[in-house]
Amino acid sequence: MRRTMFVVPAHLAPAVRSATVRDIHRQRAATTAQLGQALGWDERRCAEVETAVLAALTTHGAATAAQLAAEIPALREQMVTFPGKQYQSRQRVSSPILGLLAAEGRIRRTRPAGSWTSAQFRWAPARPLRAVPPAEAKTQLARRYLTAFGPATVADLKWWTGWSLTDTRGALAATGAQAVELDEGTGYLLPEGIEDIEDLGGRDGLQGAEGAGPAVALLPSLDPTPMGWRHRDWYLDPDHTKALFDRNGNIGPTIWWNGRIIGTWAQHPDGHLNHHLLTDPGGQARTAIEAETDRTRAFLADTRVTPCYRTPLERSLTT
């Protein structure tokens, strides 16, 4: 979905790829057209540069984009992206070339070039993933999704995967999911989850399913929990959306209490954590939030983390 990078178990990667990758040939054609329009490259030129990249990675085992560009001059050429738009920018050719090779499964990202917070990654040759029939892969991914996020609506699953409505409905049916009534309409839940949700008293009780009583959590920017559903009103006050999301729909750090988002937090440059509550959760919650803030600060220690996508409220808390 939206070409976001997800971290998944290695054994699940073939199904994720088969279930979500669309027409790779279309992406290759689009990349070639982009390079042709910006730099006058043709398919032969693209193929020559790709071959040089694969040869360099085979020789070195792994390399960053900067290291590859130092060895392959063509990767240092710059192109204008989104010409004429407000967000027009310049980027090296290495970005679309490496992106295409990765999308085709010919190279892969490995360890970051530095600490775990580094945004620079090494690239390495990739072994082809095991082929999984798309229908089987979609069913497997839908089952995994419902296990983590169910009950969910058709719109939730369609938004999360980027599938067509037909594929979404087909995958849901193949899982054997059963329909349940939610405030926003019909939702679906795996058969083994029906009894659990009845015991909890409905969807709002799911967030605390594994704990006894209310619980607090400080989740980082783009955590999959708040990004898991298309409809969020049942755990997020609509009036708080602008404070927690950027203009592109990316969520910043969040504070959860008893299954609902009630605020945000941020790390100051000196290491301490600031937080801002969008509603008053009461004394018990405030005490729990302070304790969790202390625990998170101790966990991060000397590490400084800046979200890739900044929200105005999170940014203000860092100052």
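Source: prediction; values computed, not measured. (Residues numbered from 1 in each chain as written. Predicted model: local features only at pLDDT ≥ 70, side-chain atom pairs only at ≥ 80, totals over all residues. Heavy atoms only, no water.)

K.L.:
Now, about the overall build of the chain: what can you tell me, with residues and values included?
P.N.:
Assigned secondary structure in the chain consists of 12 helices and 11 strands. Over its C-alpha atoms, taken along the principal directions, the chain stretches across nearly 65 × 50 × 40 Å. Sequence separation of 24 or more characterises 58% of the internal contacts of the chain that already satisfy a separation of 6 or more. Roughly 18,200 Å² of accessible area belongs to the chain as shown, and the carbon and sulfur atoms make up 51% of that amount. (Helix = DSSP H or I, 4+ residues; strand = E, 2+ residues; numbered from the N terminus. Contact = heavy atoms within 4.5 Å. Areas by Shrake-Rupley, 256 points an atom, 1.4 Å probe, with all protein chains shown as cover.)

K.L.:
Provide a residue-level description of the pairing of strand β10 (residues 260-267), including the pertinent values.
P.N.:
Along β10, seven of the eight residues are buried, which leaves the element largely enclosed by surrounding structure. The pairing of strand β9 (residues 254-257) with β10 spans three bridges and is classified as antiparallel. Paired with Trp257 across the two strands is Arg260, which belongs to β10. In the sheet, β10 pairs with strand β11 (residues 273-277) via five bridges, with the strands oriented antiparallel. Bridging across to β11, Ala266 finds its partner in Asn274. (Buried < 20%, exposed > 50% of the residue type's maximum accessible area, 1.4 Å probe, protein only. Pairing = 2+ DSSP bridges.)

K.L.:
Please set out the sheet that holds strand β1 (residues 63-64) residue by residue, giving values where relevant.
P.N.:
The strands making up a sheet associate through backbone hydrogen bonding, with each pair oriented either parallel or antiparallel. Overall, antiparallel pairing links the three strands, which are arranged β1-β5-β4 in an open sheet. Two strands lie at the open edges of the sheet, namely β1 and β4 (107-112), each paired on one side alone. Sheet topology places β4 next to strand β5 (residues 121-125); four bridges connect them, and they run antiparallel. Note on β5: the bridge partner recorded for Arg108 is Ala124. Against the sheet, helix α3 (residues 43-60) touches β1, β4 and β5, its axis set at about 95° to β5. (Axes fitted to C-alpha atoms, helices over the stretch in contact; angles between N-to-C directions.)

K.L.:
Got a sec to walk through the nonpolar core? Specific residues and values, please.
P.N.:
Tyr145, Leu146, Leu157, Trp163, Trp229, Tyr235 and Ile261 are the most contacted members of the largest nonpolar core, which has 30 residues in total. Elements represented by at least two residues in this core include exactly α1 (13-20), α6 (134-149), α7 (154-161) and α8 (165-175). With six residues, the top contributor of residues to this core is α6. One finds Leu57, Ala74, Leu75 and Ile107 within the second-largest nonpolar core, a separate group that totals 20 residues. (Core = buried A, V, L, I, M, F, W, Y, C linked by side-chain atoms within 4.5 Å.)

K.L.:
Requested: an account of the sheet that holds β10, with residues and values cited.
P.N.:
Strand order in the open sheet formed by four strands is β8-β9-β10-β11, with antiparallel pairing between adjacent strands. Since the sheet does not close on itself, it has two edges, and those belong to β8 (216-219) and β11, each with one partner. Ignoring which end each strand starts from, the neighbouring axes of this sheet average 25° apart. Along the sheet, helix α11 (residues 283-300) contacts β8, β9, β10 and β11; its crossing angle with β11, the most-contacted strand, is approximately 150°.

K.L.:
Describe the packing of aromatic side chains, with residues and values.
P.N.:
In this description, an aromatic ring pair is defined by two values, namely the gap between the centres and the angle between the planes. Applying the stated criterion across every chain, the model contains eight aromatic pairs. A ring pair is formed by Phe149 and Trp160, whose centres lie 6.2 Å apart and whose planes are at 50°; its orientation type is tilted. Of this pair, Phe149 sits in helix α6 while Trp160 sits in helix α7, placing them 11 residues apart in sequence. In terms of burial, Phe149 and Trp160 fall into one category: buried. Arranged with centres 5.0 Å apart and planes meeting at 85°, the rings of Trp229 and Trp234 form a pair that is edge-to-face. Residue Trp234 is classed as buried on the basis of its relative accessible area of 10%. Grouping aromatic residues by their ring pairs yields a cluster made of Tyr145, Phe149, Trp160, Trp229, Trp234, Tyr235 and Trp256. (Phe/Tyr/Trp six-rings, centres within 6.5 Å; stacked < 30°, edge-to-face > 60°.)

K.L.:
How would you explain the packing of α1 against α6 if you had to name every residue and give the values?
P.N.:
Direction vectors running N to C along α1 and α6 enclose 110°, while the axes themselves pass 8 Å from each other. Taken together, α1 and α6 sit at an angle that is classed as roughly perpendicular. The crossing of α1 and α6 is left-handed. Only Pro134, Ala137, Lys138, Gln140 and Leu141 of α6 make contact with α1, whose side of the interface consists of Ala15, Val16, Ser18, Ala19 and Thr20. Here the residues of the contact of α1 with α6 sort into six nonpolar, three polar and one charged. (Parallel < 35°, antiparallel > 145°, perpendicular 65-115°, else oblique. Left-handed = near helix turned anticlockwise from the far one by under 90°. Nonpolar A, V, L, I, M, F, W, Y, C, P; charged D, E, K, R; others polar.)

K.L.:
Any chance you could break down unusual backbone geometry for me, citing the residues and the numbers?
P.N.:
Looking along the chain, the bond that leaves Gly150 and enters Pro151 is cis, with omega of 0°. If you trace the backbone, Pro151 turns up in the loop between α6 and α7. The phi dihedral of Phe82 is positive, around 50°, even though this residue is not glycine.

K.L.:
Please give an account of the pairing of β5 that cites residues and values.
P.N.:
In the case of a regular strand, side chains alternate between the two sheet surfaces. The pairing of β1 with β5 spans two bridges and is classified as antiparallel. When the bridges of β5 are listed, Ala63 appears paired with Trp123.

K.L.:
Any chance you could break down the environment of Ala102 for me, citing the residues and the numbers?
P.N.:
Within the secondary structure, Ala102 sits in helix α5 (residues 94-103). Taking the relative accessible area as the measure of exposure, Ala102 reaches 27% and is therefore partly exposed. As a C-alpha pair, Ala102 and Ala126 span 24 residues in sequence and 8.4 Å in three-dimensional space. Not counting the four nearest positions on each side in its chain, Ala102 is found in contact with Ile107 and Trp123.

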